[in-house]
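These are the residues of each chain, in order.
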Amino acid sequence: MFSLENVCAVKREGAPLAIHPAKVKLCTGAMPGSAGRMTRWPLPAPMALALDQARLAAVEGEVPIGAVIVKDGAVIATGRNAPRAHHDPTAHAEIEAIRAAAASLRNERLDGCELWVTLEPCAMCAGAIVHARIARLYYAASDPKGGAVEHGARVFDQPQCLHRPQVYAGIGETEASELLRGFFRERR
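A. Structural detail: the pattern of salt bridges. For the structure on display, the rule yields seven salt bridges. Asp52 is paired through a salt bridge with Arg55; the nearest N and O atoms lie 2.9 Å apart. Note that Asp52 and Arg55 are positioned in helix α1 (residues 45–59) at a spacing of three residues, about one turn of the helix. The closest approach of N and O atoms between Arg80 and Glu60, which form a salt bridge, is 3.1 Å. With Arg80 in strand β4 (residues 74–80) and Glu60 in the loop between α1 and β3 (66–71), the pair connects residues that are 20 residues apart, well separated along the chain. Counted as one network, the salt bridges with shared partners bring together Asp88, Glu96 and Arg99.

B. Expanded view of the packing of α1 against helix α5 (residues 173–187). Here α1 crosses α5 at 5°, and the two axes come no closer than 11 Å. Classified by the angle between their axes, α1 and α5 sit roughly parallel to one another. Mapping the contact onto sequence places Leu51, Ala54, Arg55 and Ala58 in α1 and Glu175, Ala176, Leu179, Phe183 and Arg187 in α5. The residue inventory of the contact of α1 with α5, partitioned by class, reads six nonpolar, no polar and three charged.

C. Focus on the pairing of β4. Among the seven residues in β4, five count as buried, and that is most of the element. Strand direction decides the pairing type here: β3 and β4, joined by six bridges, are antiparallel. In the sheet register, Gly66 faces β4, and the bridge partner there is Arg80. The turn joining β3 and β4, which pair antiparallel and follow one another in sequence, is formed by two residues; a positive phi near 55° is taken by Asp72.

D. Inspection of unusual backbone geometry at higher detail. For Asp72, which is not a glycine, the phi torsion comes out positive at approximately 55°. Of note, Asp72 is situated in the loop between β3 and β4. We note that Arg106 has phi near 55°; this positive angle belongs to a residue other than glycine. Structurally, the position occupied by Arg106 is in the loop between α3 (93–105) and β5 (113–119).

E. Focus on the state of the cysteines. A complete count under the given rule lists zero disulfides for this structure. Free of any disulfide, Cys122 has its nearest neighbouring cysteine sulfur in Cys125, separated by 3.7 Å. Taking relative accessible area as the criterion, Cys122 reaches 18% and is therefore assigned buried.

F. Structural view of the packing of aromatic side chains. Tallied over the entire structure, the rule returns three aromatic pairs. Here Trp116 and Tyr138 contribute two aromatic rings whose centre-to-centre distance is 3.9 Å and whose plane-to-plane angle is 15°, an arrangement assigned as stacked. With a gap of 22 residues between them, Trp116 in strand β5 and Tyr138 in strand β6 (residues 136–141) connect regions that are remote in the sequence. Just as Trp116 is buried, Tyr138 falls in that class too. When the centroid spacing of 4.9 Å and the interplanar angle of 15° are considered together, the rings of Tyr138 and Tyr168 count as stacked. A residue pair is termed long-range when its members are at least 10 positions apart, and Tyr138 in strand β6 and Tyr168 in strand β7 (residues 166–169) qualify at 30 residues. One aromatic cluster is present, formed by Trp116, Tyr138 and Tyr168 through successive ring pairs. The ring of Phe183 has Arg187 sitting right over it, with the charged end atom 3.6 Å from the ring centre.

Cut-off values and rules
Each chain carries its own residue numbering, running from 1 in the direction its sequence is written. Local features in a predicted model are, by the rule used here, given only for residues with pLDDT of at least 70; side-chain atom pairs are given and counted only at 80 or more, and totals for whole chains, interfaces and linings are based on all residues. Where side-chain values are given, they derive from all heavy atoms of the structure, hydrogens and water being excluded. Salt bridge, as applied in this entry: a Lys or Arg side-chain nitrogen positioned within 4 Å of an Asp or Glu carboxyl oxygen. Here a helix means four or more residues in a row that DSSP labels H or I, a strand means two or more in a row labelled E, and each is numbered from the N terminus. Only the stretch in contact is used when a helix axis is fitted, and all axes are lines through C-alpha atoms; the angle between N-to-C directions ranges over 0 to 180 degrees. Orientation categories follow fixed angle ranges, with anything under 35 degrees roughly parallel, anything over 145 roughly antiparallel, 65 to 115 roughly perpendicular, and all other angles oblique. Contacts: residue pairs with any heavy atoms within 4.5 Å of one another. In this classification, the charged set is Asp, Glu, Lys and Arg, the nonpolar set is Ala, Val, Leu, Ile, Met, Phe, Trp, Tyr, Cys and Pro, and all remaining amino acids, among them Gly, are polar. Working definition: with a 1.4 Å probe on protein chains only, accessible area under 20% of the residue-type maximum means buried, over 50% means exposed, and in between means partly exposed. At least two bridges found by DSSP between two strands is the condition for calling them paired. Disulfides are defined as pairs of cysteine sulfur atoms found within 2.5 Å of each other. Paired rings are identified among Phe, Tyr and Trp, the last through its six-membered ring, by centres lying within 6.5 Å, and are further divided according to the angle between planes into stacked (under 30 degrees), edge-to-face (over 60) and tilted (the rest). Ring-over charges, as used throughout, are those where CZ of Arg or NZ of Lys falls within 6 Å of the ring centre and within 35 degrees of the ring normal.

Here's what the structure looks like:
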């Protein structure tokens, strides 16, 4: 099991300072060539892992979307798009990760879990997030055409919504967007 403990502490005057795994933090100081200035925040480890899953999906000929589920600072499940490979239109990255996490926890409720995904979830995946009771959703790139969190159906804003996760958008947006654009550019 992948642990976030090593990436969730910042040293301040020699003493470790614990922070929430979702918080983006300065790990090593300035980026190369930045003359001592921080030019970019590092990706949180779960989003970096979700992007790795997206890259694997692309290699397999699937739309490059990846997902990771974290509970208590540890990765408990990953998923990537696989509708073509599984001959299953519901095999989105989020659904694959939710299924794996539920099996791992032996519980259909993923209370206290975080879902990290490289693209804004569609209506189906947003519905699954609601039913799984995911506590926090982090997504990289917005999806004005198919997204259903800040676009389209806005599932979590509906009065019928049974559960509303905390939502954080834009973490890793550049990397996820470039991955998607490159994938579709190659197919045109």
